[in-house]
Protein chains: 4
Amino acid sequence: MAGNTFGQIFRLTTFGESHGKAIGGIIDGCPAGLEIDLDFVQHELDRRRPGQSTLTSPRQEEDKVEFLSGIFVGKSTGVPIAFIIRNKDQRPEDYNEIANIYRPSHADFTYDQKYGRRDYRGGGRSSSRETASWVVGGAISKLLLKMENIIITAYVDQVGTIFLEKNYHELDLSNTESSLVRCPDPKSSREMEKYIEELKKKGDTAGGVIRCVITGIPAGLGEPVFDKLHAELGKAMLGINAVKGFEYGSGFKAAGMKGSEHNDIFKTEAGRITTVTNYSGGIQGGISNGQDIYFRVAFKPVATLMSSQETVDKEGNPVTITGKGRHDVCVVPRAVPIVEAMAALVIADHLLLAKVSKL
Amino acid sequence: MAGNTFGQIFRLTTFGESHGKAIGGIIDGCPAGLEIDLDFVQHELDRRRPGQSTLTSPRQEEDKVEFLSGIFVGKSTGVPIAFIIRNKDQRPEDYNEIANIYRPSHADFTYDQKYGRRDYRGGGRSSSRETASWVVGGAISKLLLKMENIIITAYVDQVGTIFLEKNYHELDLSNTESSLVRCPDPKSSREMEKYIEELKKKGDTAGGVIRCVITGIPAGLGEPVFDKLHAELGKAMLGINAVKGFEYGSGFKAAGMKGSEHNDIFKTEAGRITTVTNYSGGIQGGISNGQDIYFRVAFKPVATLMSSQETVDKEGNPVTITGKGRHDVCVVPRAVPIVEAMAALVIADHLLLAKVSKL
Amino acid sequence: MAGNTFGQIFRLTTFGESHGKAIGGIIDGCPAGLEIDLDFVQHELDRRRPGQSTLTSPRQEEDKVEFLSGIFVGKSTGVPIAFIIRNKDQRPEDYNEIANIYRPSHADFTYDQKYGRRDYRGGGRSSSRETASWVVGGAISKLLLKMENIIITAYVDQVGTIFLEKNYHELDLSNTESSLVRCPDPKSSREMEKYIEELKKKGDTAGGVIRCVITGIPAGLGEPVFDKLHAELGKAMLGINAVKGFEYGSGFKAAGMKGSEHNDIFKTEAGRITTVTNYSGGIQGGISNGQDIYFRVAFKPVATLMSSQETVDKEGNPVTITGKGRHDVCVVPRAVPIVEAMAALVIADHLLLAKVSKL
Amino acid sequence: MAGNTFGQIFRLTTFGESHGKAIGGIIDGCPAGLEIDLDFVQHELDRRRPGQSTLTSPRQEEDKVEFLSGIFVGKSTGVPIAFIIRNKDQRPEDYNEIANIYRPSHADFTYDQKYGRRDYRGGGRSSSRETASWVVGGAISKLLLKMENIIITAYVDQVGTIFLEKNYHELDLSNTESSLVRCPDPKSSREMEKYIEELKKKGDTAGGVIRCVITGIPAGLGEPVFDKLHAELGKAMLGINAVKGFEYGSGFKAAGMKGSEHNDIFKTEAGRITTVTNYSGGIQGGISNGQDIYFRVAFKPVATLMSSQETVDKEGNPVTITGKGRHDVCVVPRAVPIVEAMAALVIADHLLLAKVSKL
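Predicted model, so just to flag it, every value in this text is computed and none were measured. Residue positions are given per chain, counted from 1 along the sequence in the order it is written. Each chain is given a letter, starting from A, and each ligand a number, starting from 1, according to the order in which they appear as written. Given that this is a predicted model, residues contribute local features only at a pLDDT of at least 70 and side-chain atom pairs are listed and counted only at 80 or more, while totals for whole chains, interfaces and linings are drawn from all residues. Water and hydrogen atoms were dropped before computing side-chain values, which therefore reflect all heavy atoms in the structure.

**Quick look at the packing of helix 3 (residues 131–146) of chain B against helix 7 (residues 332–353) of chain B**
All names here are of chain B.
Here's step 1: Axis separation between helix 3 and helix 7 bottoms out at 7 Å; the angle between their running directions is 50 degrees. Judged by the inter-axis angle, helix 3 sits oblique to helix 7. The element helix 3 and its partner helix 7 pack so that their crossing is left-handed. Contacts between helix 3 and helix 7 involve Thr131, Trp134, Val135, Gly137, Gly138, Ser141, Lys142, Leu144 and Leu145 on the former and, on the latter, Pro337, Ile338, Glu340, Ala341, Met342, Ala344, Leu345, Ile347, Ala348 and Leu351.
Here's step 2: Throughout this entry, Asp, Glu, Lys and Arg are counted as charged residues, while Ala, Val, Leu, Ile, Met, Phe, Trp, Tyr, Cys and Pro are counted as nonpolar. The remaining residues, Gly among them, count as polar. Class assignment of the residues belonging to the contact of helix 3 with helix 7 gives a composition of 13 nonpolar, four polar and two charged. Lines fitted to C-alpha atoms define the axes, with helix axes restricted to the stretch in contact, and inter-axis angles between N-to-C directions lie between 0 and 180 degrees. The secondary structure listing takes helices from DSSP runs of H or I that are at least 4 residues long and strands from runs of E that are at least 2 residues long, numbered from the N terminus. Just so you know how the angles are binned, under 35 degrees is roughly parallel, over 145 roughly antiparallel, 65 to 115 roughly perpendicular, and the rest oblique. In a left-handed crossing the near helix is turned counterclockwise from the far helix by less than a right angle, and in a right-handed crossing that turn is clockwise. Two residues form a contact once any of their heavy atoms are found within 4.5 Å.

**A closer look at the relation of the copies chain D and chain B**
Here's step 1: Only residues with pLDDT of at least 70 in both copies count here: their C-alpha atoms drive the least-squares fit that superposes the copies. At an RMSD of 0.0 Å, chain D and chain B line up after a rotation of 180 degrees and a shift of 0.0 Å along the axis. What we have between these two chains is a two-fold relation. Measuring from the rotation axis to each C-alpha of chain D, the shortest distance belongs to D:Lys355, at 3.4 Å.

**Some points on the interface of chain D and chain C**
Here's step 1: Between chain D and chain C, the residue contacts involve 105 residues of the former and 104 residues of the latter.
Here's step 2: A buried area of about 8,200 Å², summed over both sides, lies between chain D and chain C, and 61% of it is on carbon and sulfur atoms.
Here's step 3: When residues of chain D are sorted by the area they lose upon contact with chain C, D:Lys114, D:Phe226 and D:Lys244 head the list and together hold 11% of the total.
Here's step 4: A pair is scored as a salt bridge if a Lys or Arg side-chain nitrogen falls within 4 Å of a carboxyl oxygen belonging to Asp or Glu. Linking chain D with chain C are six salt bridges.
Here's step 5: Here D:Lys235 ties to C:Asp227 by a salt bridge, and the two come within 2.8 Å at their closest N and O atoms.
Here's step 6: Two N or O atoms count as a polar contact when they lie within 3.5 Å, although within protein this holds only if one can serve as hydrogen donor and the other as acceptor, and sequence-adjacent residues are included solely when both atoms are side-chain atoms. Summed over the shared surface of chain D and chain C, the number is 42 residue pairs in polar contact (both at pLDDT 80 or more).
Here's step 7: Classifying every residue of the side of chain D that touches chain C by side-chain character gives 43 nonpolar, 41 polar and 21 charged.
Here's step 8: Two strands qualify as a pair provided DSSP detects at least 2 bridges between them. Looking at chain direction, strand 12 (residues 243–248) of chain C and strand 12 (residues 243–248) of chain D are connected through three bridges and run antiparallel. From the neighbouring strand, C:Phe246 faces strand 12 of chain D, where its bridge partner is D:Phe246. The term buried area denotes the loss of accessible surface (1.4 Å probe radius) that occurs when two parts are joined, taken as the sum for both partners.

Here is the structure:
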């Protein structure tokens, strides 16, 4: 109800504030018998954590996850898997100044309106530090998906005004992780890096777009009315900090196309029903059709600037602030594993939901 | 679980197939004491129903809603409000041919994959006839929102390649309902009508974009982590048949902007904290900030063509089909009240959720 | 949330008031492919309906159920199964007098306190007429359970001061339906009938106890912490109108027993692990162990008396009322199919939940 | 879904095994602004912890709770309140022997059936050590209830064959905590202590009954159909380890009463509508009427005996076991704070639910 739980059968409930004692969560509904590769989980966390490169926030967090329950002799036991990540490099004193000030395009004002108070240290619960817990949940989901040969891969498609003008089929996605900005095209990657470095010098920030591809998905996942598979993916993505838009398959471009261009004609290939094109993005009527699922997620530029801005305090008096704390110039490179994690949570949940839809 | 319920406190559960006996639903969680204006509910349904003009499906459905419970002496009593809409102009025989054939870019194939069977008459539950029940739920929600002076208005922003190149501030939204395509700009409206008529002659179809604006919304609605207000709106919109994308506030354009351009600076006006710009689209950190909420929804072109297409049958054999049944060339004009209805359901739910977030 | 939905995966949502247009519900989450025997459903309803004998309420309701969706060519399609039962023999005028009066031990006062208003006709939603919808949901559940050879049988164990002093093993449960009071022991049945007839003459009413037995249940159903199988059964039973208590297995008697007497010793029989005794009532740690599940449900006497009682009106003024409307002297005979229906809903739900608890 | 979450708006999700690293939970939906008295929370835990007296399990657990989130400057902030209790005095080696053996009337066999595996150390998740987390959740709930002057008090009503033959009105409940067995009547308390000591010598165990009283409750709490207030209380109690029965108000005795005896006549007292008697136990039609709520909970005798018992191993071979580990002879004294905690969680949840039931 209070919005801290994600999923229906495979459920993640999270807690924690940016500069509190710890963040973490409970994964409930993971089937018993799943082999839990702890190194893989930590590796996924390492992909998200700050301090990875000169392009990301210099906050030093080891982000070591500790599992407290639900795993026995290397396997899930079917009961809740709880985990915590202790906050280490906290500097709440960086935030004393903003206890009574509303940072532009942050959640300070809206939290105060909703709750009548807020933990102002580093944005409290509205900080994207929260997403570390999502990555843990996503990593466990990915282990479940791997057993079905479902693979989720995201990469950076746009940083500011630099676009990767290729479709995912034309790219070697194994390049993504070796790119500082997680763009699999080496040329675009270099341009994006340069773009970010220049904004950094000016104390300014950039937005971007992430594309995600899900392969190996069986036909028949998703619920047909309100919980359509793409609606669930969309909600998952729109929940990520700074996201402003979501499109799947042909997306916004579909609005300008004709039915005769857009329809995905069925054909039989190697005895299996498939489609000639995939404008549908692997989902028809809310249910997967066995083709690749692909979608794009738009991120706004980071709200914390290292230059001065006008704003108001709690009483509405005008004040000037300059960003403190340690922040990214552009979040999309670090958001790649977050997008994957949220997609994995959705697919894992629907994999289980599909088990009860027919006799 | 099975995806036929929408909302957390204010909940709509629906049922029904396109050519079955009836469609309908149960609205649970509507607070007691709400005056139910039945004429308003029917008026909303009339905005959605087929046969409104030469541009829409000629199926003749009166779409008369009958309420069965939950209303007494003109007011909600706090218990479930059930309603049904009998299907009248059914022609299931139009669909006998497709019992064993998969129409391209429809849900026939995916339903068979998920359930091992399907009610093939008119698309069964995957038909957008289902959305009539959403409009009923949305109408009741709107009555609740009216008490708080929250107004939801949608209109057509794009049809095929015809764009309405104005922001909502520059338009007279009271023109929307008098336009056959529900575009408030008379010139664009005429172009869109012409565009649709031409496609109709060719047996082809168009997509489009709807924009929606919510005014009068108080600050403090929305849950901060997974159930962010825009994530809930996004899921609601992505659940509508044929939707391929959602963006709110600055949307996909934000990806190309700099933080220094995009941040919404706070100021005090008439003793109230407000913002200079509204790139945030009225939502910060997932919670409404009291500014207008606005978003855009992209629709793909209608999948049923009145020209012949290649496809396969259940066994994978190639077949050729031509569209039967009665269909729209472009759904966006009729989808305007559906977008409003789903938005109303989301806001009504969060209005109630906000009552329990602080002492 | 508003308490009109039962179940997690196999879910029943109901609506309707005693003297409104109709009652009914939506069954969501029934797996596709289940053969729906409509005669069986109607037969279950007939077991519950008023006017069965001189011992039950003379209200004449045919209780003919109409299914509106979710069934195609005789089988469930996996989408919501909606149904309505029109109210026919309504006499709301019987209730005009109580619009402003609080009947003792009824829900009139508490509904007014909760909702600020109520549909006073025949108790509105608090009437046990509501349970007809549960019986429909239960009948569909029973069809699912039959496929797994799970059988649910309830019978009357006590009426007023007449006890059936035998355990269920000692009884021929096939006698239940031929007994006017649904007591399988002919001698006790006759005593119970006489007891009820005598109270009827005096305008007084009786309570009673129902026992229910579930056989053929596989081991492994139930969730271990808050949703223990017996906790779910208990909640289901306590939701039935007039129920005051629930016990399973050894029940309240267990409190006086020693561990050395009470423990169910495991043994191997025909290669299968079973128990020597069954004080556990077929459930250990909240999960079924494969033995019979059995429990007892206590009902208070009917609150509507055909003799005069003191009470107050809305303003608190003293008034005297005499029961109107058509009521049972003792509800337990008609509650037998209701107990079975609610038990069936619980077991069907947990049968589906068990499908996702391990790989 | 997997049964580890309790509540609808005010929700507790728990994790942890008896001899794992830690137990704990997340309280979500606690309204912002509640003063959190940490000493009170610890005090409630101390009432439950083992090692309190010679009558309880000698396991030495400090049960020190650590809060990780959701509290700032002494008050709840409206976001999840997470807490952990580290397990200290673990002796998993006590349980090696039972890795492959099924203890009678324990959950070993049923967990293996459900999950295909189990954490056998000390019963894993089926251990009543889990209830420490419930007491933390209950303590936070009690703080919310105190603000509305709602008080929940439980005490021991029966131990084995020793009954406390007085109603709660005739007792001085302030004596409860000074009694080793939490029975407020000094004479009965001494008899119960003696009864337990004698069983301890024999290596045997006892059951018992707890009664709970809720005073100060406003009228109007509870949902009318499936989530009746007593059905929610019943489910909460039946979820407690070893519970076999629940009754409220007149309970099982009601079955033998006549309507003319049982009805609670309304009257006006000091301008307020109240009832002459309270057989209803403060709840009518599932909704509180403002009178005291009272109920009784039956516990079976502890299953772990310190004498030898026959049983089988995983392969079904007969084996003999003798109880190891540290266990109570009778759990009811320590279960008193658990009963109160679960009742508090139910009432807190319904206090919040009541905020959205009318305009």
